[in-house]
Amino acid sequence: MLSDTQTLFSTVVTGTSSDWPLHTFDRIATSIAWAADTAAGVIVYEVAPSSGYSGTWKTIATYTAINDAAGAFDGESLDWAGDVWIRARFTTNATAGKFPTVKITRQKIGLG
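Residue positions are given per chain, counted from 1 along the sequence in the order it is written. Thresholds applied to this predicted model are a pLDDT of at least 70 for local features of residues and 80 or more for the giving and counting of side-chain atom pairs; totals over whole chains, interfaces and linings are not thresholded and use all residues. Calculated side-chain values reflect all of the structure's heavy atoms, with hydrogen atoms and water omitted.

Concerning the sheet that holds strand 2 (residues 20–21)
If you walk across this open sheet you meet the four strands as 2-7-4-5, and the pairing is antiparallel. Among the strands making up the open sheet, the edge pair consists of strand 2 and strand 5 (58–64). Pairing of strand 2 with strand 7 (residues 85–92) involves two bridges; the strand directions are antiparallel. Residue pairing for strand 7: Trp20 is matched across the bridge by Ile86. Strand pairing follows a simple DSSP-based rule, namely that at least 2 bridges must link the two strands. Think of it this way: any DSSP run of H or I at least four residues long counts as a helix, any run of E at least two long counts as a strand, and we number them from the N terminus.

Regarding the sheet that holds strand 1 (residues 2–9)
The strand order across the open sheet formed by four strands is 1-8-3-6, and the pairing between neighbours is antiparallel. Each edge of the open sheet is held by one strand with a lone partner, namely strand 1 and strand 6 (72–79). Averaged over all adjacent pairs, the angle separating strand axes in this sheet is 15°, with direction ignored. Note on definitions: angles span 0 to 180 degrees between N-to-C directions of axes, and those axes are lines fitted to C-alpha atoms, for helices only across the stretch in contact.

Here we look at the pattern of salt bridges
We define a salt bridge as a contact between a side-chain nitrogen of Lys or Arg and a carboxyl oxygen of Asp or Glu at a distance within 4 Å. As enumerated under the stated definition, the model contains five salt bridges in all. Across the pair Asp79 and Arg27 runs a salt bridge whose closest N-O atoms are separated by 2.9 Å. With Asp79 in strand 6 and Arg27 in strand 3 (residues 27–34), the pair connects residues that are 52 residues apart, well separated along the chain. The classification of residues rests on relative accessible area computed with a 1.4 Å probe and restricted to protein chains. Under 20% of the type maximum is buried, over 50% is exposed, and intermediate values are partly exposed. A relative accessible area of 60% places Asp79 in the exposed class. On the basis of relative accessibility, which here comes to 26%, the residue Arg27 falls in the partly exposed class. Here Glu46 makes a salt bridge to Arg89, at a shortest N to O gap of 2.7 Å. Placement of the pair is Glu46 in strand 4 (residues 42–48) and Arg89 in strand 7, with a sequence separation of 43 residues.

Describing the nonpolar core
Core analysis: the largest hydrophobic core is formed by 22 residues, its most contacted members being Tyr45, Ile86 and Val102. At the level of secondary structure, the elements contributing two or more residues to this core comprise strand 1, strand 3, strand 4, strand 5, strand 7 and strand 8 (101–108). Should any heavy atoms of two residues lie within 4.5 Å, those residues are considered in contact. Setting aside chain neighbours within four positions, we find Ile86 in contact with Ser18, Asp19, Trp20, Leu22, Ile28, Tyr45, Glu46, Val47, Trp57, Ile60 and Ile104. In plain words, nonpolar cores are sets of buried Ala, Val, Leu, Ile, Met, Phe, Trp, Tyr and Cys residues tied together by side-chain atoms within 4.5 Å.

Concerning the packing of aromatic side chains
By convention, a stacked pair of Phe, Tyr or Trp rings (six-membered ring in the case of Trp) has centres within 6.5 Å and planes under 30 degrees apart, an edge-to-face pair has planes over 60 apart, and any other such pair is tilted. A full pass over the atoms with the stated rule returns two aromatic pairs. Measuring from ring centre to ring centre gives 5.0 Å for Phe9 and Phe90, while their planes differ by 45°; the resulting arrangement is tilted. Residue Phe9 is found in strand 1, and its partner Phe90 is found in strand 7; the two are separated by 81 residues along the sequence. The residues Phe9 and Phe90 share a single accessibility class, namely buried.

Here we look at the environment of Ala36
Relative to the elements of secondary structure, Ala36 occurs in the loop between strand 3 and strand 4. Once residues lying within four places of it in the same chain are set aside, the contact partners of Ala36 are Asp68, Ala69, Ala70, Gly71 and Lys98.

The following block contains the structure:
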């Protein structure tokens, strides 16, 4: 299996990440490491037909902050087929000073 991981956010509590191509990848894995005591925050992963697309991006996964004194992890693996771009976006700001680490891993099954 061929894979690569991109960190989309790690030092912000609001905003939209850069766009990443999924053109030849079969699977994506989303991951969010919530900082300890993050009381607020919602992050979505979205896809669109092109980088910088100005229309409405399609939401494929939504994660809400998990308020845990030790921090928390969230994510999933999604099979994917399509010539699209992906990004992460805060739809609700995270708790001030509580920076989640948001990543995407793109995977090509059967290579390696």
